[in-house]
Each structure stands twice: as C-alpha cells, then as structure tokens.
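A closer look at the structure
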Number of protein chains: 2
Amino acid sequence: MKLPTSTEWALHCATTLAQLPAEQTVSAAQLAAYYDLPPAYLAKQMQLLVKAGVLTATTGPRGGFRLGRPPARISLLHIVEAVDGTSPPYECREIRQRGLGALSPEECRNTCILAAKMAAAHRAWRDSLAGVSLADILAELPAHAPERTRDKLAGR
Amino acid sequence: MKLPTSTEWALHCATTLAQLPAEQTVSAAQLAAYYDLPPAYLAKQMQLLVKAGVLTATTGPRGGFRLGRPPARISLLHIVEAVDGTSPPYECREIRQRGLGALSPEECRNTCILAAKMAAAHRAWRDSLAGVSLADILAELPAHAPERTRDKLAGR
DNA sequence: GTGGCTATACTCGGATAGTAGCTGTCCGAGTTGGTTCGG
DNA sequence: CCGAACCAACTCGGACAGCTACTATCCGAGTATAGCCAC
C-alpha cells in the first residue's frame with residue numbers, strides 16, 4: 001500500500017497556494033522551480049486537482065493555478081483523493097463464494113466481516129484526513145511563512 | 001493506494017485456520033482448493049505470514065500451516081502488514097528543503113506538518129485494524145461455521 | 001511378531017518470467033497581453 | 001493623441017515511452033510417514 005510520490009507534491013503546492021492572496025495565480029513552472037520537481041508531471045497532477053475542484057486553472061499569460069475554494073473548505077482528504085483516486089485500498093473479491101468452501105449466495109447477503117473491518121479502518125483514515133483543512137495547516141505555520149513564500153515564488 | 005489482492009487471501013486463510021483445532025495443519029494446496037486460488041502464489045503469501053510469526057509451518061507429509069499464536073493475540077494488522085509490509089503509505093521526501101523555496105535545516109527541526117497529519121491518519125488506520133483480533137472475527141461468525149469449514153477442507 | 005531400515009511421497013522455500021500502474025516527457029490548442037499601425 | 005487590429009509569447013490540456021512492484025509459476029531441499037525386510 002503506497003501513495004504516489006506526487007501526493008506530497010499536491011499537498012505542498014496546495015498549501016503554498018493557500019498562503020497567497022485569493023486571486024493570485026501561480027504557474028506549474030513556478031511551482032516546479034519552487035520545489036525542484038519535473039514541471040510537466042507536476043502540471044499533470046495539478047490538472048487532477050482542478051478536475052476535483054480543489055484548484056482553478058487559468059490559461060494564457062499571467063495565468064496559472066489558484067485555490068478553487070476557501071482554505072477552510074479544502075481538506076487534506078480532498079487533495080489526497082484527487083491525485084490517488086477514491087477507490088478503497090482493500091477490494092473484496094468475494095473469494096468466500098469460490099472454491100470448495102464456497103458459501104451460498106444466501107449466506108452472503110451480509111457483507112463479509114473481514115471486508116467490513118477493512119472498510120472501517122479505511123473510514124478511520126478518511127475521517128482523520130477529512131478533519132484537517134488547509135486553514136488548519138496555515139494556522140500551524142510560522143507567522144512569517146506567507147510573506148516568505150510570496151517573495152521566494154517571485155524569485156526574490 | 002492499493003493493497004495487494006493477496007491481502008484478502010491472507011485474511012481469509014488465517015480466519016479459516018483459526019476455526020480449526022490448534023494442532024491441525026492445513027497445506028497450501030488445500031487452502032488454494034478451498035478458495036480457488038493459485039496454489040504456488042498463495043504458498044508464497046503464507047510464507048510471509050510465517051516470517052511474521054502469525055503462522056507456523058511444518059514440512060513433510062501431514063505437514064502444512066497452523067496459527068503461530070492464539071487467535072486472540074493475532075490482529076488484522078498483523079496479517080495485513082505481514083503481506084503488505086510495514087512501511088507507511090505516505091513517505092515524506094522533504095521537498096520543502098529543495099528548490100527555490102528550500103527551507104534551512106534549522107527550520108526543519110520539527111517534522112513537516114503535512115507529514116505529521118498523514119502519519120496521524122495512518123496511525124488511525126493501524127489502530128483500527130490492531131483493535132480487531134481473529135478471536136473477534138470468530139465471535140461474529142455463525143455457530144456452525146467452524147464445523148462446516150472443517151468438513152469442506154477435508155473434502156466432505 | 002517385532003524392531004530397524006529404506007524408499008517414497010508430500011511438504012515448504014527460494015529463484016525465475018509476465019503484466020499493470022505510477023513516473024516522466026513531449027507537443028498541440030487556447031488565451032491574454034503588448035505592440036503597431038491607422039485615423 | 002486615441003482606438004482597434006494584429007502578433008507573439010505564455011498558459012494549460014491530453015497523448016506517448018520507461019520502470020518499479022505485484023502477480024503468477026516452476027523446480028529443488030528437507031522431512032515424517034508407510035512399507036519392507038531381517039531377526
């Protein structure tokens with residue numbers, strides 16, 4: 001069970017955008033330089049965030065990405081599931097209905113207990129991430145962080 | 001983020017073994033037939049469970065696998081991490097220390113907030129699975145399940 | 001009849017190919033901003 | 001001097017190779033059993 005490396009990119013880039021004025025846009029190339037990442041592949045991940053509604057993209061000169069919603073309404077779960085997908089890690093393939101020990105369909109009306117426990121664990125994971133918003137992250141950053149981020153992004 | 005398909009196999013096979021008398025051994029071939037799975041690959045996963053101490057293997061005729069500990073002391077987490085590994089899904093590669101926006105090592109004494117939140121979510125997931133033992137699973141099965149499992153495994 | 005030995009069949013254990021999904025890259029469509037030319 | 005049209009550069013968006021890790025398979029080492037032979 002491994003999250004894509006790009007998950008870290010998405011989380012940090014979203015946090016970066018959250019530190020800027022709401023209307024300011026940042027290009028994928030700028031973000032890639034800011035974190036020393038492959039620009040094209042990073043752009044691909046940003047597109048996933050746009051598709052999920054987390055970011056908004058603007059084309060043309062002075063274009064780029066900005067947050068699609070206020071930081072308080074963007075949870076870490078939104079970002080992670082935007083780049084990794086929403087399908088749960090454990091997928092029950094109903095092997096209990098196959099082979100010599102196959103159970104009858106009647107006995108399988110209730111969902112498999114093991115699948116239920118795995119789903120509960122996944123729910124705990126999602127709840128933990130859904131309970132943290134970008135606003136919460138910003139609150140824990142040093143006070144001078146936004147200004148610093150703005151300057152470094154501009155190349156200063 | 002996806003768990004191997006064999007995770008389901010390991011969970012079900014461990015549950016099956018937990019329904020049998022403690023000394024009874026079941027071969028990988030028997031388990032493969034019981035769930036209609038590729039015998040060799042299933043055997044490989046059983047080896048991982050043995051390496052983790054969840055199961056004990058006996059070679060030779062009348063040999064096979066059995067639980068390595070009482071069911072109450074085997075959690076779902078033990079089984080899942082035996083086949084999938086123990087490394088957390090989110091791996092912080094410290095991109096905050098790279099590129100134009102690189103932070104100084106001093107500012108990175110504390111672990112990255114995002115990594116901490118991801119680790120907390122992973123901890124919630126592990127705690128959820130660690131809180132369920134095979135004994136708990138057995139308690140939720142129908143009363144006639146162990147007898148049925150024993151018969152079907154024997155080919156009856 | 002009994003004990004020991006041998007051969008056998010069955011078990012696990014590790015080394016070896018095949019395949020799907022993440023990683024990384026490239027080029028094209030669209031849009032905005034600046035420039036230039038005419039009035 | 002002012003306005004509009006044109007050009008150009010920069011942006012995102014989607015289509016195309018490369019590689020790691022899960023999936024699947026085979027064959028070899030080891031062992032407890034069952035049969036057999038000698039006593």
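Above this note sits the structure.
Residues numbered from 1 in each chain as written. Chains lettered and ligands numbered in written order. Predicted model: local features only at pLDDT ≥ 70, side-chain atom pairs only at ≥ 80, totals over all residues. Heavy atoms only, no water.

A count of helical and extended segments in chain A gives seven helices and two strands. The order of α-helices and β-strands along chain A, N terminus first, is α-α-α-β-β-α-α-α-α. A compact globule built from 156 residues would reach a C-alpha radius of gyration of about 15 Å, whereas chain A, at 20 Å, exceeds it by more than 25%. Its C-alpha atoms put chain A at 70 × 30 × 25 Å along the principal axes. Counting only residues that meet the buried cut, chain A has 44% of its 156 residues in that class. Within chain A, counting contacts between residues at least 6 apart in sequence, those at least 24 apart form 68% of the total. By element, 52% of the accessible surface of chain A is carried by carbon and sulfur atoms, the whole surface being about 7700 Å². (Helix = DSSP H or I, 4+ residues; strand = E, 2+ residues; numbered from the N terminus. Rg over C-alpha atoms; globule rule 2.2 N^0.38 Å. Buried < 20%, exposed > 50% of the residue type's maximum accessible area, 1.4 Å probe, protein only. Contact = heavy atoms within 4.5 Å. Areas by Shrake-Rupley, 256 points an atom, 1.4 Å probe, with all protein chains shown as cover.)

Core analysis: the largest hydrophobic core is formed by 92 residues, its most contacted members being A:L49, A:I79, A:W125, B:L49, B:I79 and B:W125. Setting aside residues no more than four positions away along its own chain, A:W125 makes contact with A:L3, A:L77, A:V80, B:M1, B:A121, B:H122 and B:W125. (Core = buried A, V, L, I, M, F, W, Y, C linked by side-chain atoms within 4.5 Å.)

Once that is clear, we can look at the relation of the copies chain A and chain B. For the pair chain A and chain B, the relating rotation is 180°, the translation along its axis is 0.0 Å, and the fit reaches an RMSD of 0.0 Å. The transformation relating the two chain copies, once decomposed into turn and shift, fits a two-fold axis. (Least-squares fit on C-alpha atoms with pLDDT ≥ 70 in both.)

In the vicinity of DNA strand C, 22 residues are found, and the nearest of them are A:P4, A:T5, A:Y41, B:Q47 and B:F65. Near the protein, within 4 Å, the atoms of DNA strand C are sugar or phosphate in 64% of cases. In this structure, A:T5 approaches DNA strand C through a main-chain N or O atom, which is 2.7 Å from a phosphate oxygen. The side chain of A:T59 places a nitrogen or oxygen atom 3.4 Å from a sugar or linking oxygen of DNA strand C. Among the elements of the structure, α1 (6-18) and α3 (39-51) of chain A together with α3 (39-51), β1 (55-58) and β2 (64-67) of chain B are those that each provide at least two residues to the surface near DNA strand C. (Near = heavy atom within 4 Å. Polar contact = N/O pair within 3.5 Å; in protein donor to acceptor, adjacent residues only side chain to side chain.)

This part is about the protein's contact with DNA strand D. The local shell around DNA strand D holds 21 residues, among which A:Q47, A:G60, A:F65, B:T5 and B:Y41 are the closest. Sugar plus phosphate: this is where 64% of the atoms of DNA strand D within 4 Å of the protein reside. Between DNA strand D and A:Q47, the relevant distance is 3.3 Å, taken from a base nitrogen to a side-chain nitrogen or oxygen of the residue. At 3.5 Å, a side-chain N or O of B:T59 approaches a sugar or linking oxygen of DNA strand D.

Time to look at the interface of chain A and chain B. In this complex, chain A contributes 53 residues to the contact, which on the side of chain B involves 53 residues. Summing the contributions of chain A and of chain B, the shared interface buries around 5000 Å²; its carbon and sulfur component is 65%. When residues of chain A are sorted by the area they lose upon contact with chain B, A:M1, A:I95 and A:L114 head the list and together hold 17% of the total. The interface formed by chain A and chain B includes four salt bridges. With a closest N to O distance of 3.3 Å, B:E140 and A:K117 form a salt bridge. Scanning the region where chain A abuts chain B turns up 24 residue pairs in polar contact (both at pLDDT 80 or more). Mapped by element, the contributors of at least two residues to the side of chain A that touches chain B are α1, α2 (28-35), α4 (76-84), α5 (113-130), α6 (134-140) and α7 (145-154) of chain A. Here the element with the most residues in the side of chain A that touches chain B is α5(A); it accounts for 11 residues. A per-class count over the side of chain A that touches chain B returns 29 nonpolar, 10 polar and 14 charged. (Buried area = accessible area lost by both parts, 1.4 Å probe. Salt bridge = Lys/Arg side-chain N within 4 Å of Asp/Glu carboxyl O. Nonpolar A, V, L, I, M, F, W, Y, C, P; charged D, E, K, R; others polar.)

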